[in-house]
Amino acid sequence: MAKLYLVPTPIGNLDDITLRAVRVLSEADTILAEDTRTTQVLLRHLGIEKKMRSHHKFNEHATVEAVAASIEAGETVALVSDAGTPGISDPGFLLVRTCIGRGIDVETLPGATAFVPALVDSGFPCDRFCFEGFLPPKKGRTKRLDRLRDEERTMIFYESPYRLVRTLTQFAEVFGPDRPVSVARELTKRFEENVRGTLGEVARHFAAHEPKGEIVVVVGGKPARGKGADTAEPDDEERLR
Ligand code: SAM
């Protein structure tokens, strides 16, 4: 039966595509791509020739109904974004919601996404965490940060290298300069690195060493009050907080 597949693609290293993703991309009738030129590079690497249509944040509102109608008419559609998992800080959610609303089968393949390796690499508790994606650059930014002031879970943010120092400095003001942070840069790529320390230290590091490439910022949660005292059996990660 025709359905919508969401297919994760590598976030750098082209080997990070799954065998199933390759099969689904080969067998789909149409690939919906955020940027057809970017996806063409991947498809060429995989030896796949396929009809593509573009599906990005500027046309998704106008096209989701037509895409859903084409699946109802029997077309199997695979949605990919430029990198990682569609729907994670990328187009995907609107189409998924529309398909579910129309009773269309939706299947998301597990695969590459930037926040999971950044979180696990941070060494912060990952039993509970919150993914904040990109903070608004201006309007609504302060309000979002205010809401996170007392967040006890590990927090994950996507950030551009141009705003990193400003963001870390602002985080130091909101969460305190001693709060631990882990900045994952260029995951899966040649110059992959992880810079860990306090917000104050890491902000100073990147002020002195201009950051380049793609970045995930992972901030430790606020230490819980009376940690462990009122918990009969704290799990391993809770004990490490
Ligand atoms: N859909 C993607 C995912 O599943 O992670 C996210 C797409 S979002 C438009 C792009 C942001 O993801 C980048 O600005 C960066 O914050 C993060 N990102 C993507 N690839 C990365 C990488 N190789 N290393 C570090 N961060 C990355």
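Note that the coordinates shown come from a computational prediction; the quantities given were computed from them, not determined experimentally.

**Q** Describe the environment of R141, with residues and values.
**A** Following the sequence through the fold, R141 ends up in helix 6 (residues 141-148). Looking at R141, the relative accessible area reads 2%, which means it is buried. Spatially, the C-alpha atom of R141 lies 26 Å from that of P117, the residues being 24 residues apart in sequence. Discounting chain neighbours no more than four positions away, the residues touching R141 are L135, P136, E159, R166, T167 and Q170. There is a polar contact of 2.9 Å between the side chain of R141 and the side chain of T167.

**Q** Account for the site of the ligand, naming residues and giving values.
**A** Neighbouring the ligand are 18 residues, the closest being I88, D90, T113, Y158 and I215. In the environment of the ligand, a nitrogen atom lies 3.0 Å from a nitrogen or oxygen atom belonging to the backbone of A83. The contact in question runs from an oxygen atom of the ligand to an N or O atom on the backbone of A114, over 2.9 Å. When the free accessible area of the ligand is taken as 580 Å², the share hidden by the protein chains comes to 90%. The cavity that encloses the ligand is the largest pocket. Elements supplying a minimum of two residues to the shell around the ligand: strand 7 (154-159) and strand 10 (215-219).

**Q** Mind laying out the layout of surface pockets, listing which residues take part and the relevant values?
**A** Of the pockets and cavities examined, the largest pocket occupies roughly 490 Å³. Secondary-structure elements contributing two or more residues to the lining of the largest pocket are strand 7 and strand 10. Counting only domains with at least three residues in the lining of the largest pocket, you end up with domain 1 (4-108) and domain 2 (115-238).

**Q** Which residues make up the packing of helix 7 (residues 164-175) against helix 8 (residues 199-208), and what are the values?
**A** Across the interface, helix 7 lies against helix 8 with an axial gap of 9 Å and an inter-helix angle of 160 degrees. By the angle between their axes, helix 7 is roughly antiparallel relative to helix 8. Read as a crossing pair, helix 7 and helix 8 show a hand that is left-handed. Within the contact between the two elements, helix 7 uses L164, V165, L168, T169, F171, A172 and F175 and helix 8 uses L199, V202, A203, F206 and A207. In the contact of helix 7 with helix 8, the residues fall into 11 nonpolar, 1 polar and no charged.

**Q** Describe in detail the sheet that holds strand 6 (residues 129-134), supporting the description with residues and values.
**A** Pairing is mixed in the open sheet, where 5 strands are placed in the order 6-7-10-8-9. Each having just a single partner strand, strand 6 and strand 9 (193-198) make up the two edges of the open sheet. Mean inter-strand twist for the sheet, computed between neighbouring axes without regard to direction, equals 15 degrees. Here strand 8 (residues 180-185) runs beside strand 9; their pairing, made up of 6 bridges, is antiparallel. If you follow A184 over to strand 9, its bridge partner there is N194. Strands strand 7, strand 8 and strand 10 of the sheet are contacted by helix 7, whose axis makes an angle of about 10 degrees with strand 10.

**Q** How would you sum up the pattern of salt bridges? Please name residues and give values.
**A** Counted according to the given criterion, the structure contains 16 salt bridges. Across the pair E151 and R153 runs a salt bridge, and its minimum N-O distance is 2.8 Å. The class for R153 is partly exposed, based on a relative accessible area of 28%. Here E193 makes a salt bridge to R185, at a shortest N to O gap of 2.8 Å. Its relative accessible area of 13% is what places R185 among the buried residues. Linked through salt bridges whose partners overlap, the residues forming this network are K3, R20 and E107.

**Q** Now, about the confidence of the model for the protein: what can you tell me, with residues and values included?
**A** Scored by pLDDT, the protein comes out at a mean of 94, with 93% of its residues at no less than 70. Note that residues 228-233 has pLDDT below 50 and, in this model, 0 contacts with residues that lie over four places away or in other chains.

**Q** Now, about the nonpolar core: what can you tell me, with residues and values included?
**A** Formed by 22 residues in total, the largest nonpolar core has its most connected members in L168, F171, F175, V183 and V217. Only helix 6, strand 7, helix 7, strand 8, helix 8 and strand 10 provide two or more residues apiece to this core. With 6 residues, the single largest contributor to this core is helix 7. Aside from chain neighbours lying at most four places away, what touches F175 is L145, L148, R149, M155, L199 and V219. In this structure, Y5, V7, A21 and L109 belong to the second largest nonpolar core, which totals 16 residues.

Here is what the cut-offs are and how they apply
Residues numbered from 1 in each chain as written. Predicted model: local features only at pLDDT ≥ 70, side-chain atom pairs only at ≥ 80, totals over all residues. Heavy atoms only, no water. Helix = DSSP H or I, 4+ residues; strand = E, 2+ residues; numbered from the N terminus. Buried < 20%, exposed > 50% of the residue type's maximum accessible area, 1.4 Å probe, protein only. Contact = heavy atoms within 4.5 Å. Polar contact = N/O pair within 3.5 Å; in protein donor to acceptor, adjacent residues only side chain to side chain. Near = heavy atom within 4 Å. Areas by Shrake-Rupley, 256 points an atom, 1.4 Å probe, with all protein chains shown as cover. 1 Å grid on protein atoms, 1.4 Å probe; cavity = no way out; pocket = protein on both sides within 12 Å on 5 of 7 lines; lining within 4 Å. Sits in = over half its atoms within 2 Å of the grid points. Points joined across faces, edges and corners; volume = space filled by probe spheres on them. Domains from an automatic or database assignment. Axes fitted to C-alpha atoms, helices over the stretch in contact; angles between N-to-C directions. Parallel < 35°, antiparallel > 145°, perpendicular 65-115°, else oblique. Left-handed = near helix turned anticlockwise from the far one by under 90°. Nonpolar A, V, L, I, M, F, W, Y, C, P; charged D, E, K, R; others polar. Pairing = 2+ DSSP bridges. Salt bridge = Lys/Arg side-chain N within 4 Å of Asp/Glu carboxyl O. pLDDT = per-residue confidence, 0-100. Core = buried A, V, L, I, M, F, W, Y, C linked by side-chain atoms within 4.5 Å.

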